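Structural characterization, general
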Amino acid sequence: MMDIEEESPMSGSLKAMTLRNMSSSSSAFFSANQSPFFSPRSPSLIPDAAPGPSNRVVHLDAASPSTSSIIQEPKFDVNVGCTFPDASGNSGDLQKLDRISSSVGISSSSISSSCYHRDDRYFAKKERRDKKDRCHRTSSIPDSTSCSSYRLRNCDVFIGLHGSKPPFVRFVNWLRAELELQGISCFVSDRARCRSSRKLGIVERAMNAASFGIVIITNKSFKNPYTIEELHFFSSKKNLVPIYFDLSPADCLVRDIIEKRGELWEKHGGELWLMYEGLEQEWRDAVHGLSRVDEPKLEAQDGNWRDCILRAVTLIAMRLGRRSVGENLTKWREKIEKEEFPFTRNESFIGRKKELSELEFMLFGDVTGDAEKDYIELKAKPGRKNVTIGWGKSNMLDERWREKHAGNGCKKQKEPVVWKESEKEIEMQHYHSRLKRGKYARRKRGRNMLCGKGIACVSGDAGIGKTELILEFAYRFHQRYKMILWIGGEGRYIRQNYLNLRSFLEVDVGIENSLDKNRIKGFEEQEITAISRVRKELMRNIPYLVIIDNLESEKDWWDHKLAVMDLLPRFGGETHVIISTRLPCIMNLEPLKLSYLSGVEALSLMLGIGKDYPVTEVDALRTIEEKLGRLTLGLAIVSAILSELPITPTRLLETINRMPLKEMSWSGKEDRWWRKNTFLVQLFEVCFSIFDHADGPRSLATRMVLASGWFAPGAIPVSLLAVAANKIPEKCQGRCLFRKLLQALTCGFTSSYIKKSELEASSLLLRFSIARSSTKEGYIQFNELIKVYARKRDVPGAAQAMIQAVIIQGSIAQTLDHLWAACFLLFGFGRDPVVVELKVSELLYLVKRMVLPLAIHTFITYSRCTAALELLRLCTNALEAADQAFVTPVDKCLQKSLCWRSVQTNAQLNPSLWEELALCRATVLETRAKLMLRGAQFDIGEDLIKKAVFIRTSICGEHHPDTISARETLRKLPRLISNVQVHASTT
């Protein structure tokens, strides 16, 4: 129930506990946006709370700490200091890099600027009521205004509500946070929970000052005298904006409510004014007033929350005269319509009703709609009803729980979950009561499924349908979130994919944004700062759904320090997280283990729509299903073949069985899995044979699949993939027996697929479910199993063709992850071997066109210092190896054939290429030096810049502009080192 914390004297400052799920502008009576000196995104220096009387807080909800919101009354007379970021224009990465050597330094003067600013903090206070412990989350605002200035301030929107159910509170929190994010100040109150006349007086003054009044109407609102009064008040001022929550305007008719007509009002209707001893005519006038509102009717049903909130924000902004807000929201909606989901929805999705309901319950703690009847069993499971949540480093909560239950002889003991947070990682630990049963104590498994905490993990074998399940869930429930944020969880790319959210969240994670004039941050600190900026946006009261698909490891691949928990907001907030993985367990969470489709569902998936086979053919389908191991990927390919070709299941089974297996080398877990699923490999080969028969030997479609194995895990542009496919040398293979067999199966198919263009070839891959369409126009994506198989086929020239295609058509803006994939093949990161070796001329072209811009962009735009510097280090090694080959003596046979006997090295044979190689190495060294200076690595930077100066002086001379530029950077080093030492001595 909603309640209000009564006034009580308190001395001293309260200890703040900062929670991750709150925004910088949430849960206060007056938004800080009212101040002419403050914007919702202004950074602030948070002071310590001053001693004074306790805050008076109105709790929107106390039923669930994870979804409760708090409304705070302001205190009085405290000034808060804050700083303003300097305005800087947009410039290219190269220009930013050129400014690094001059911008890095230590300022002797400190920045001091003050303004009035509202500070959001959270305090934990436990009270004992009715012999039950309740943990109330409260928001504390230091005294920021005097009582007189409080009366003079105006509020843009007053939001009146009455209700405490978690979905209702979640909707209100989202609405308030979205309004404040757009600079619209809000005052939120459920006046039925105010227990003193002073609090009611403050709320009434806010109602008088508000420009508009949003009243959220539910089926219980007409029983509340305060809601009736709010409807009267704002209707008379002609500024009422009603929002119907799980209602429609047609439901709110006076006669239907009084006479209890309809299923809704049979339970909640009647002469409702009698429930609060009100006047009938006033009640009738208030309800009638809803029908006289001229504004568009805003209805918040289960499937349109996002649209309703955005319409409400746009409406209020336009009536306040803020057209830019409406324009920005329109642009944002156009952007997410194209880029929110990575894949189009699978219209052939079958089954998984139980798993979808279980995901909903794990995230929301409740199941709605048709799934509610089927899911009562999970909600009724014992043992997780009263979960105690403890925040911080202390174990006192756990100790109190142990003391409370010590000696209790009841059989069912609850296991409290204690969340611990440190600067590096968060881990969930389950503590078990060690009650002895008889002579021995039995310890339960310390891993359980958390429900209603906004976190879910889906685990299962490769190809079983994890991504399909999560994608279907996202499409079904996307209206409950502001945005679906899809992150590829592959080890090498997860950090970059996470930082790519900056464009959706409108966060600057660049290195320039991390510049602190008082000191130089190290590389690790700069990377953590960039990640924390994205993470902070996910902690607002705005709900996002973060999906990490195909998580390969809990630790980061680059430094093995960053854990996946460091990327996520704290569980229990408005943002929800779904993780799919092949790992059996992550973060001590019990995953939702995805099993195979049932026999009926698998058969329906293979048959498709409108097909009926005799019993013998159905038996063949069941045999195919068993041999495929019931993998959803294989079943979908079989369904596509049956729908595209005039072939029966029996003939298809015979064809797959007769397809020979290629010899491929597997290792470790891969060997066991692929040996177990040889039938799936044969099915892949059947598809390739179909493509080759349709378009000649080594068709474009087949070569596109073979080239896809060397690209990054994300979506691939069809044009780029076609260029790579065309670079693979064609080679006829003797498949006479199977071509004759397939020719009989695919009669009429050949003529329609001869000499297809790249678009037609990609369409062929999509129709046979080898690839899947992306929401990005002109992009397709391949399942990881297909890409692994394409790599293991080890087609000569496929990897090199991919690199050549990236060099020709790759761009940082469109194919950033594929540029990195090419670098992995060229330079051999970590323990990986070098897959492709280029000629010196090709290597120089690649370094200039791809490697240097990629490293600078990664460092400057994403603050990925470690990755950028490692790329440049490996590039330097490759250039030095090429240079070493140039200065080695040439073969004696070559010397005898030359007219000039004095030529002894390759550098003398091709001096211009050798000079270009040396100057390219100097450029890479200078770039590395400038980046090292940005992280205060002065010793390493000095060595690198000296090498660059030596090379350029030897080749270009002392007076060349590039040599002078390098010397200038070297000349600044002593001053920078001196400033760092001075600053270190004064701190």
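Please read these numbers as outputs of a predicted model, since none were measured by experiment.

The rules behind the values
- Residues numbered from 1 in each chain as written.
- Predicted model: local features only at pLDDT ≥ 70, side-chain atom pairs only at ≥ 80, totals over all residues.
- Heavy atoms only, no water.
- Helix = DSSP H or I, 4+ residues; strand = E, 2+ residues; numbered from the N terminus.
- Buried < 20%, exposed > 50% of the residue type's maximum accessible area, 1.4 Å probe, protein only.
- Contact = heavy atoms within 4.5 Å.
- Areas by Shrake-Rupley, 256 points an atom, 1.4 Å probe, with all protein chains shown as cover.
- Disulfide = S-S within 2.5 Å.
- Salt bridge = Lys/Arg side-chain N within 4 Å of Asp/Glu carboxyl O.
- Pairing = 2+ DSSP bridges.
- Expected span 1.5 Å × (residues − 1).
- Axes fitted to C-alpha atoms, helices over the stretch in contact; angles between N-to-C directions.
- Parallel < 35°, antiparallel > 145°, perpendicular 65-115°, else oblique.
- Nonpolar A, V, L, I, M, F, W, Y, C, P; charged D, E, K, R; others polar.
- pLDDT = per-residue confidence, 0-100.
- Polar contact = N/O pair within 3.5 Å; in protein donor to acceptor, adjacent residues only side chain to side chain.
- Lys, Arg positive; Asp, Glu negative; His and termini not counted.
- Right-handed = clockwise from strand over helix to strand, strands pointing away.
- Left-handed = near helix turned anticlockwise from the far one by under 90°.
- Core = buried A, V, L, I, M, F, W, Y, C linked by side-chain atoms within 4.5 Å.

**Notes on the overall build of the chain**
Counting its secondary structure elements, the chain contains 39 helices and 22 strands. The 987 residues of the chain split such that 53% are buried. Considering only intrachain contacts with a sequence separation of at least 6, the fraction spanning at least 24 residues in the chain is 76%. When the accessible area of the chain is evaluated, it comes to approximately 45,800 Å², of which 50% is carbon and sulfur surface.

**Re the state of the cysteines**
Across all of its chains, the model carries 0 disulfides by this definition. Of all cysteine sulfurs, the one in Cys186 lies closest to Cys155, which takes part in no disulfide; the gap is 6.4 Å.

**Some details on the pattern of salt bridges**
Applying the stated criterion to the full structure yields 34 salt bridges. When the shortest N-O distance is used, the salt bridge between Glu537 and Arg540 registers 3.0 Å. Between Glu685 and Arg793 there is a salt bridge; the shortest N-O distance is 3.5 Å. Remark: Arg793 occurs in the loop between helix 30 (784–792) and helix 31 (798–809) and Glu685 occurs in helix 25 (residues 678–695); sequence separation between them is 108 residues. Of the two residues, Glu685 and Arg793, neither departs from the other in class, the shared state being buried. Among the charged side chains, a network of salt bridges with common partners joins Arg495, Glu527, Asp556 and Asp559.

**Side note on the sheet that holds strand 15 (residues 455–459)**
An order of 16-17-18-15-19 is seen for the 5 strands of this open sheet, with the pairing classed as parallel. Looking at the sheet topology across the chains shown, the edges are occupied by strand 16 (483–488) and strand 19 (592–593). Judged from the 6 bridges that link them, strand 16 and strand 17 (residues 544–551) form a sheet pairing that is parallel. Bridge assignment links Trp486 to a residue of strand 17, and that residue is Ile547.

**Details of the sheet that holds strand 22 (residues 779–782)**
If you trace the 3 strands from one edge of the open sheet to the other, you get 20-22-21, paired in antiparallel fashion. This sheet does not close on itself; its edge strands, each paired only once, are strand 20 (716–717) and strand 21 (771–773). Relative to strand 22, strand 20 is paired through 2 bridges, and the arrangement is antiparallel. When the bridges of strand 22 are listed, Pro717 appears paired with Tyr779.

**Regarding helix 22 (residues 632–644)**
Here helix 22 is 13 residues long and its end C-alpha atoms lie 18 Å apart, about the 18 Å a rise of 1.5 Å per residue gives. Within helix 22, 10 of the 13 residues are buried, which leaves the element mostly enclosed by the surrounding structure. Those residues of helix 22 not exposed but buried are Thr632, Leu633, Gly634, Leu635, Ile637, Val638, Ser639, Ala640, Ile641 and Leu642. Where helix 22 is buried, its residues touch helix 20 (599–607), helix 21 (615–627), helix 23 (649–658), helix 25, helix 29 (758–767) and helix 30.

**Examining the pairing of strand 22**
Neither face of strand 22 is left uncovered, since the one carrying Tyr779 and Gln781 and the one carrying Ile780 and Phe782 both have all their residues buried. Of the strand pairs in this sheet, strand 21 and strand 22 are connected by 3 bridges, and their pairing is antiparallel. Counted as the bridge partner of Ala771 is Phe782 from strand 22. Once strand 21 ends, the chain turns through 5 residues before running back antiparallel as strand 22, passing Gly778 with a positive phi of about 85°.

**Some details on the packing of helix 27 (residues 718–727) against helix 29**
It is the contact of helix 27 with helix 29, at a shortest axis distance of 10 Å, that shows an interaxial angle of 100°. Between helix 27 and helix 29, the crossing angle belongs to the class labelled roughly perpendicular. Facing helix 27, whose interface residues are Val718, Ser719 and Ala722, helix 29 presents Glu758, Leu759 and Ser762. In terms of residue class, the contact of helix 27 with helix 29 is built from 3 nonpolar, 2 polar and 1 charged.

**Details of the confidence of the model for the chain**
Within the chain, residue pLDDT values average 75, and 69% of them lie at 70 or more. Across residues 100–152 the pLDDT falls below 50, and counting only partners more than four positions away or on other chains, this stretch makes 158 contacts in the model. Taken as a whole, residues 732–737 scores under 50 in pLDDT and shows 10 contacts with residues more than four places along the chain or in a different chain.

**Details of the environment of Arg191**
Structurally, Arg191 can be placed in the loop between strand 6 (186–189) and helix 5 (197–209). Between the alpha carbons of Arg191 and Val203 there is a distance of 7.6 Å; along the sequence they are 12 residues apart. Within polar-contact distance, the side chain of Arg191 engages the side chain of Glu229 at 3.3 Å. At 3.2 Å, the side chain of Arg191 and the side chain of Glu230 are in polar contact.

**Points about the side chain of Asp256**
With respect to the helices and strands, Asp256 occurs in helix 7 (residues 254–258). Buried charge Asp256 goes without a salt bridge, the closest partner of opposite sign being Arg261 at 4.6 Å. Not counting residues within four places of it along the chain, the set of residues in contact with Asp256 comprises Arg261 and Trp265.

**Section: the pairing of strand 8 (residues 240–245)**
Summarising burial for strand 8: 6 of the 6 residues are buried, a large majority. Burial along strand 8 is two-sided: Leu240, Pro242 and Tyr244 and Val241, Ile243 and Phe245, pointing in opposite directions, are all buried. Where the polypeptide runs from strand 7 (residues 210–217) across helix 6 (residues 225–236) and back to strand 8, its parallel neighbour, the crossover connection is right-handed. By the bridge criterion, 3 bridges tie strand 8 to strand 9 (residues 298–300) in an arrangement that is parallel. Across the sheet, residue Phe245 finds its bridge partner in strand 9, namely Ala300.

**Some thoughts on the packing of helix 10 (residues 305–319) against helix 11 (residues 323–339)**
Closest axis-to-axis distance for the helix 10/helix 11 pair is 7 Å, and the angle between their directions is 155°. As summarised for this structure, helix 10 and helix 11 are arranged roughly antiparallel, according to the angle between their axes. Like other packed secondary-structure pairs, helix 10 and helix 11 cross with a definite hand, here left-handed. Mapping the contact onto sequence places Arg306, Asp307, Leu310, Val313, Thr314, Ala317 and Met318 in helix 10 and Arg323, Val325, Gly326, Leu329, Trp332, Arg333 and Ile336 in helix 11. Counted by class, the contact of helix 10 with helix 11 contains 8 nonpolar, 2 polar and 4 charged residues.

**Observations concerning the nonpolar core**
Counting residues in each nonpolar core, the largest one holds 208 residues, and the members touching the most others are Ile214, Leu765, Ile770, Phe782, Trp820 and Phe827. Per-element tally for this core: the top contributor is helix 33 (residues 840–862), with 14 residues. Apart from residues lying up to four places away in sequence, Leu765 is in contact with Phe691, Ala701, Met704, Val705, Ile770, Ala771, Ile780 and Phe782. In this structure, Cys194, Leu240, Trp265 and Ala286 belong to the second largest nonpolar core, which totals 30 residues.

**Comments concerning unusual backbone geometry**
In the Ramachandran plot, Asp246 falls in the positive-phi region, its phi being about 55° despite a non-glycine side chain. One non-glycine residue with positive phi stands out, namely Met587, at about 55°. Relative accessible area serves as the criterion here: at 9%, Met587 is assigned to the buried category.

**Observations regarding the side chain of Thr218**
Among the structural elements, Thr218 can be located in the loop between strand 7 and helix 6. Apart from the residues within four sequence positions on either side, Thr218 is in contact with His162, Phe168, Phe245 and Leu247.

**Things to note about the environment of Lys466**
The topology assignment puts Lys466 in helix 16 (residues 466–477). When the C-alpha atoms of Lys466 and Leu594 are compared, they prove to be 7.1 Å apart, with 128 residues separating the residues in sequence. Non-local contacts of Lys466, meaning those with residues more than four positions away in its chain, are made with Val458, Ser459, Gly460, Asp461, Ser580, Thr581, Arg582 and Leu594. At a separation of 2.9 Å, a polar atom in the side chain of Lys466 contacts the main-chain carbonyl oxygen of Asp461.

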